[in-house]
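Fold and contact review
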Amino acid sequence: MKISVTVTLKKDVLDPQGKVVKQTLKNMGHQNIEDIRQGKYFEIEINEKDKEKAKKIIEEISVKLLSNTIIEDYTINYK
Amino acid sequence: MKISSEIINKHGINSKEYKKIVNLIGRDPNLLELGIFSAMWNEHCSYKSSKKYLRTLPTKNSKVIQGPGENAGVIDIEDNDALVFKIESHNHPSFIEPYQGAATGVGGILRDIFTMGARPIATLNSIHFGSPSHPKTKNLLSGVVSGIGGYGNCIGIPTIGGEVKFDSSYNENILVNAMAVGLTKKNKIFYSKAEGINKSVIYVGSKTGRDGIHGASMASAEFDDDADEKKPTVQVGDPFTEKLLLEACLELMKDNSIISIQDMGAAGLTSSSVEMASKGNLGIEINLNKIPCREKKMTPYEMMLSESQERMLLIINSGKEENAKKIFTKWGLDFSVIGKTTNTKNLVLNFDEEKVADLPLTALSVDAPVYDRKWKKNSNSNKKNYPKNYQEKKLYESLQKILISPNNSEKSWIWEQYDQTVMGDSIQKPGGDSGVIRIHGKNKGVALTVDSSSHYCLANSISGGKQVVCEAWRNLISAGSTPIAITNCLNFGNPEKEEIMGQFVETIDGISQACRYLNFPVVSGNVSFYNETKNKAISPTPTIGGVGLIKNLDNVMTKNFKEIGNHILIIGKTLGHLNQSEFFREVLNFKEGPPPDTNLFNEKNNGLAILNLISNKLVSSVHDVSSGGILLALSEMGIQNKIGALIKLPKNNVKIHEYLFGEDQSRYIIEVKERNMKKTSKILKDNNIYFEKIGITQKSFIEIKNILKADLNDLEKLNKYWFNNYFNESI
Amino acid sequence: MKSSVIVFPGSNCDRDVAVALEKFKIKNEMVWHDEVALPKCDLVVLPGGFSYGDYLRTGCIASKSRIINSIVEHAKKGGLILGICNGFQILIETGLLPGTLLRNKKLKFISKNIFLKVINTDNNFCTNYKNKNIIELPIAHNEGNFFGNNNLINKLEDNNLIAFKYCDNKGKIEKESNPNGSSNNIAGILNNNKNILGMMPHPERLIDPLLSGEDGSLLFTSLLKS
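One structure accompanies this document, and this report is about it. Each residue is numbered by its place in its chain's sequence as written, counting from 1. Numbering of ligands from 1 and lettering of chains from A proceed in the order in which they are written. Thresholds applied to this predicted model are a pLDDT of at least 70 for local features of residues and 80 or more for the giving and counting of side-chain atom pairs; totals over whole chains, interfaces and linings are not thresholded and use all residues.

1. Focus on the overall build of chain B
Under the convention used in this document: For the purposes of this entry, the term helix denotes a DSSP run of H or I that reaches at least four residues, the term strand denotes a run of E that reaches at least two, and both are numbered from the N terminus. Any residue surrounded by 20 or more other C-beta atoms within 10 Å of its C-beta is treated as buried, while 12 or fewer makes it exposed and the intermediate range makes it partly exposed; C-beta atoms here are placed from the backbone. Contact between two residues is assigned when their C-beta atoms, built from the backbone, lie within 7 Å.
Within chain B one finds 26 helices and 28 strands. With the principal axes as the frame, chain B shows a C-alpha extent of 85 × 50 × 50 Å. Every one of the 731 residues in chain B was classed for burial, and the buried ones make up 61%. Sequence-distant contacts in chain B: of pairs separated by 6 or more residues, those separated by 24 or more amount to 86%.

2. Regarding the overall build of chain C
What counts is decided by this rule: Atoms counted for the radius of gyration: C-alpha only. Globule rule: 2.2 Å times residue count to the power 0.38.
Across its full length, chain C holds 5 helices and 11 strands. In summary, chain C has a C-alpha radius of gyration of 16 Å against a globular reference of 17 Å for 226 residues, a match within 12%. Taking the principal axes of its C-alpha atoms as reference, chain C extends roughly 45 × 35 × 35 Å. Among the 226 residues that make up chain C, the fraction classed as buried is 54%. Within chain C, residue pairs in contact and separated by at least 24 positions form 76% of the contacts whose partners lie at least 6 positions apart.

3. Regarding the pairing of strand E3 (residues 81–89) of chain B
The side chains of a regular strand alternate between both faces of the sheet. Residues and elements named next belong to chain B. The criterion, for reference: The criterion for strand pairing is that DSSP finds at least two bridges linking the strands in question.
Of all the 9 residues making up E3, 8 are buried; the element is thus mostly covered by neighbouring parts of the structure. Judged from the 4 bridges that link them, strand E2 (residues 73–76) and E3 form a sheet pairing that is antiparallel. Of the residues in E3, the one forming a bridge with Ile-75 is Leu-83. Between E2 and the antiparallel strand that follows it, E3, lie 4 residues; Glu-78 among them carries a positive phi value of about 75°. In this structure, E3 lies alongside strand E6 (residues 175–185), joined through 9 bridges in antiparallel fashion. The partner of Phe-85 across the bridge, within E6, is Val-181.

4. Observations concerning helix H3 (residues 31–41) of chain B
Counting buried positions along H3(B) yields 10 of 11 residues, so the element is predominantly enclosed. Among all positions of H3(B), only B:Leu32, B:Glu33, B:Leu34, B:Gly35, B:Ile36, B:Phe37, B:Ser38, B:Ala39, B:Met40 and B:Trp41 are buried.

5. What to know about the interface of chain B and chain A
Basically, it comes down to this: Residue classes follow a fixed rule: Ala, Val, Leu, Ile, Met, Phe, Trp, Tyr, Cys and Pro count as nonpolar, while Asp, Glu, Lys and Arg count as charged, and any other residue, Gly among them, counts as polar.
Between chain B and chain A, the residue contacts involve 14 residues of the former and 8 residues of the latter. Looking at the side of chain B that touches chain A residue by residue, the classes come out as 4 nonpolar, 4 polar and 6 charged.

6. A closer look at helix H8 (residues 137–155) of chain B
All names here are of chain B. Inclusion rule: To estimate how far a helix should reach, multiply one less than its number of residues by 1.5 Å.
Here H8 spans 27 Å end to end across 19 residues, near enough to the 27 Å set by a 1.5 Å rise per residue. Among the 19 residues of H8, 15 are classified as buried, and the element is accordingly described as predominantly covered. Gly-156, located one to two residues past H8, shows a positive phi value of around 85°.

7. Remarks on the sheet that holds strand E4 (residues 119–129) of chain B
Residue and element names in this part refer to chain B. Applicable threshold: Interaxial angle, 0 to 180 degrees, is taken between N-to-C directions of lines fitted to C-alpha atoms, where a helix line uses only the stretch in contact.
If you walk across this open sheet you meet the 6 strands as E1-E2-E3-E6-E4-E5, and the pairing is mixed. With one partner strand each, in any of the chains shown, strand E1 (64–66) and strand E5 (159–166) form the two edges of the open sheet. Within the sheet, the average angular offset between the axes of one strand and its neighbour, ignoring direction, is 20°. In the sheet, E4 pairs with E6 via 9 bridges, with the strands oriented antiparallel.

8. Concerning the packing of H8(B) against helix H10 (residues 239–252) of chain B
All names here are of chain B. Worth spelling out the cut-off: Each crossing gets its handedness from the near helix: less than a right angle anticlockwise from the far helix is left-handed, clockwise is right-handed.
For the pair H8 and H10, interaxial distance at closest approach is 8 Å and the crossing angle is 35°. Seen along the crossing, H8 lies across H10 with a hand that is right-handed. Together, Tyr-151, Cys-154 and Ile-155 of H8 and Pro-239, Phe-240, Glu-242, Lys-243 and Leu-246 of H10 make up the contact between the two elements. Split into classes, the residues belonging to the contact of H8 with H10 amount to 6 nonpolar, no polar and 2 charged.

9. Things to note about the interface of chain C and chain B
In this complex, chain C contributes 23 residues to the contact, which on the side of chain B involves 24 residues. Mapped by element, the contributors of at least two residues to the side of chain C that touches chain B are helix H1 (14–23), strand E6 (110–118) and strand E7 (134–141) of chain C. By residue number, the principal contributor to the side of chain C that touches chain B is E6(C), which donates 3 residues. Partitioned by chemical class, the residues of the side of chain C that touches chain B number 12 nonpolar, 5 polar and 6 charged.

10. Here's the deal with the sheet that holds strand E23 (residues 621–625) of chain B
Residue and element names in this part refer to chain B. A sheet is described by the order of its strands in space; here 7 strands give the open sequence E23-E25-E22-E26-E24-E27-E28, paired in mixed fashion. In the strand order of this sheet, the two ends are held by E23 and strand E28 (708–711), each with one partner. Taken pair by pair, the neighbouring strands of this sheet meet at an average axis angle of 20°, ignoring direction. Looking at chain direction, strand E22 (residues 567–571) and strand E25 (residues 667–672) are connected through 5 bridges and run antiparallel. Across the sheet, Ile-568 pairs through a bridge with Glu-671, a residue of E25. On top of the sheet, helix H22 (residues 629–639) reaches E22, E23, strand E24 (643–647), E25 and strand E27 (701–704); it is set at about 150° to E23, its chief contact.

11. Points about the nonpolar core
The test is simple: We call a set of buried Ala, Val, Leu, Ile, Met, Phe, Trp, Tyr and Cys residues a nonpolar core when their C-beta atoms link them within 7 Å.
Core analysis: the largest hydrophobic core is formed by 282 residues, its most contacted members being B:Met40, B:Leu83, B:Leu364, B:Val446, B:Val469 and C:Leu116. In terms of residues, this core owes the most to one element, helix H19 (residues 498–518) of chain B, which gives 9 residues. Listed in part, the 6 residues of the second largest apolar core include A:Leu14, A:Ile71, B:Val234 and B:Val236.

12. Regarding the pairing of strand E10 (residues 186–190) of chain C
All names here are of chain C. Most of E10 is tucked away, with 5 of its 5 residues classed as buried. Strand direction decides the pairing type here: strand E9 (residues 162–167) and E10, joined by 3 bridges, are antiparallel. In the strand pairing of E10, Ile-162 is matched with Ile-189. Count of turn residues in the E10/strand E11 (residues 196–199) antiparallel hairpin: 5 residues, of which Lys-194 carries a positive phi of about 60°.

13. Remarks on the environment of C:Ala187
Residue and element names in this part refer to chain C. Secondary-structure assignment places Ala-187 in strand E10. When the 30 C-beta atoms within 10 Å are taken as the criterion, Ala-187 is described as buried. The spatial distance from the C-alpha of Ala-187 to the C-alpha of Ile-68 is 23 Å, given a sequence separation of 119 residues. Once residues within four sequence positions are removed from consideration, Ala-187 is found in contact with Leu-116, Phe-164, Lys-165, Tyr-166, Ser-182, Met-199, Met-200 and Pro-201.

Written out as structure tokens, the structure reads:
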């Protein structure tokens, strides 16, 4: 089963990288880019046929490793 | 509208303090004003539990230009050069989010340096973790080291020294103390005192977000089971923006545009505006609509208490604003005139054309509570207390155990993650007794060290406080520098407990005694209280950052044995004090008994004699004898060049374990060429310095005739083993 | 000889390399990244540091600077370009040098002195290493792992475009002496015309016996010769 997880910074947390990417795009002429937040994308292939079981495992690894829950949120995308 | 007592409580203000607030301002504060008081009156900003005792520390000598009370301390290092330095803690945030906590700790201390007009030229750090077997330690250690490196390397400032200690007392309360040193000219020092009425108050740097609101309060609260709930208060550091801020500030400081400048650290805009105005005995009025905000719909409360990083507050001379704006815009930073100085002596805040706060500055600063907390004497045990059968321990195996222990292991795993040579002036990198930085473009340098001895302080706080200052002094002398002054970071548990307050009072006593005697004053620093979780406090940990001057870099000294066939002398008498030694603690797991006391008379004389020998070019290597005693010191001197020692034990009444592992203070081991022995002996004798000739240098082995023979290659392998093994990496 | 050291927001070895250039009597000017044109010069230096904080990809944002066009023109005309550490990363992002620089194999920043074998001494940067081709220089980087596919690596080897390889103190090139996992121990490469050198180690940090060595000096004296 293929599942992807997107990890993003929590809403009020500073994103130094996104800030610089946005400014660079503006300098490159893209004046209508309002904001950019940089995150991470994980594509996971899991050997588990039971959807509920798979969901639980992905939740667990998202909390325990993939995201730093102090400053990040995660979204699980089931394909 | 009166605020509920629950909210007042949550702001860390007790009922007595609240009554005082009402008295001072003549009414109940509104929520914003309460928040402001909460930030300014908490321990971290007001020093309410420590002020009484901090005032007793010696803070002056002929080289001190600025003592405590400014962003950092400043000393004269001759030739119109001035050195700006300070050490500060960032303990609680680093426990919660180790990378960002440590990173923003480095960011904060760097700002304290360049806010005074000095380009930072070196950083050091002292980090303390729980027992290696504790489940949190590994992640905390690697996170903190990554964070320090991630921030410091990005800005391009070399990390030239440090220490890492492990002890179970830090299991739930790690310590991250960051020190920074900067260089400027004597006539180019910038202060935070506001001057002049109706001057523009200008905000520069990053935009303000909701980061760390009430971080200063967090530093003044112990952790409990809800430490997780403190999560949103951790700030994210942006070292790139800090580098831009550094360059922009230094560029602006080239002329005389700036009247005063203050960085926004703990309690952000609140503390910086209050401190600037109250130091200058002025008032300040701020229009909060002018604050550059990162998030939408920020409230005045959020703006005033935000701890967003990489921001400064400036007061600029009339007519120079346009040029200043140009500079900050060039470097891509926000620049906003947010208010002005007034003659009301009040902090006035306006938002959406309404006055939202109006407080007398004295209430927030000089009238903040100062407590005289009850305390209990702690310096009781002076009785020697030895475990049975310690003499049965084999010497070589004991040395091995000490060398392979985490506290005594070689720490290149850590400091190779820090750039040590950027800026091209690193004369002595981490691993020696002190780091040495050349003053750019000149042939002089400064030696820098950071030291702590928490187990000594726990056993006897007065002795411990004395000892740690002397340890720093000795480390500076071993590098060939004349010690000038120190900065200190005082890390303790809950001061509302008599035992902890006692540790604090007595440690300060010890520190004062040593500083006074050695003419080695405190010019800056901070206090971190409440390092305690579920009633378990850390061992008292005063961290001392020492600075010394090397007038001519031809006289830099290192600790590694240089040549075979040279004499080895030990300066200072060995009586064999074993309590609190590495031998007892690591090999016998015995932690009781008093620490070694330091005889200040001997400390001073021995140190000055060493400097005398170094300046007369009579010694080839110097190393102070401290933790681990003579045997460890000899090993450390031998490992790099694989030149060891052949030792013949002097005839005295000291038993062998006592002699080799005793941690008596004020001692040095020196290497002297045959042709320099006569002059060396004369200088030592003329100055009444006790010394012993203990052997000669030889190839490959640390050897005590008929007793011990250790191959330096083996000792090196042991000493480099621990960190790589802990992190499962091949060497 | 005249040089221009390009300063990007976040560069932090610009002063260090300027000091080195001036020490060896190369007339130097600091050039802000946002300038449109380079001053007249023989050598352009892209210094080390963390331009733009290494955000997004290291060297990426700097490679979009206004001054880059002028630098590309300078390269086309055969002018000399030296990229050190972050400068090497920027040269790769602009396409002036091939390959890519990945995160160090052990995923940690590494700052230490390492040994290098000077492989190609037939270029303006390395002539003075002919008599001393095992040298010691400091490295200090997080992304120094030079990587290219087999075609590229073979091409670099066959055309003698590799300038430096990590080795041990006797010149032996092997896995143990490679600090960051780079392909074939590559520490620095040249372009086809050999007028552009990109290298991860910092020659400007070892130009003084007080700083534990002078192996970096030979690079600057080679430049003076050219």
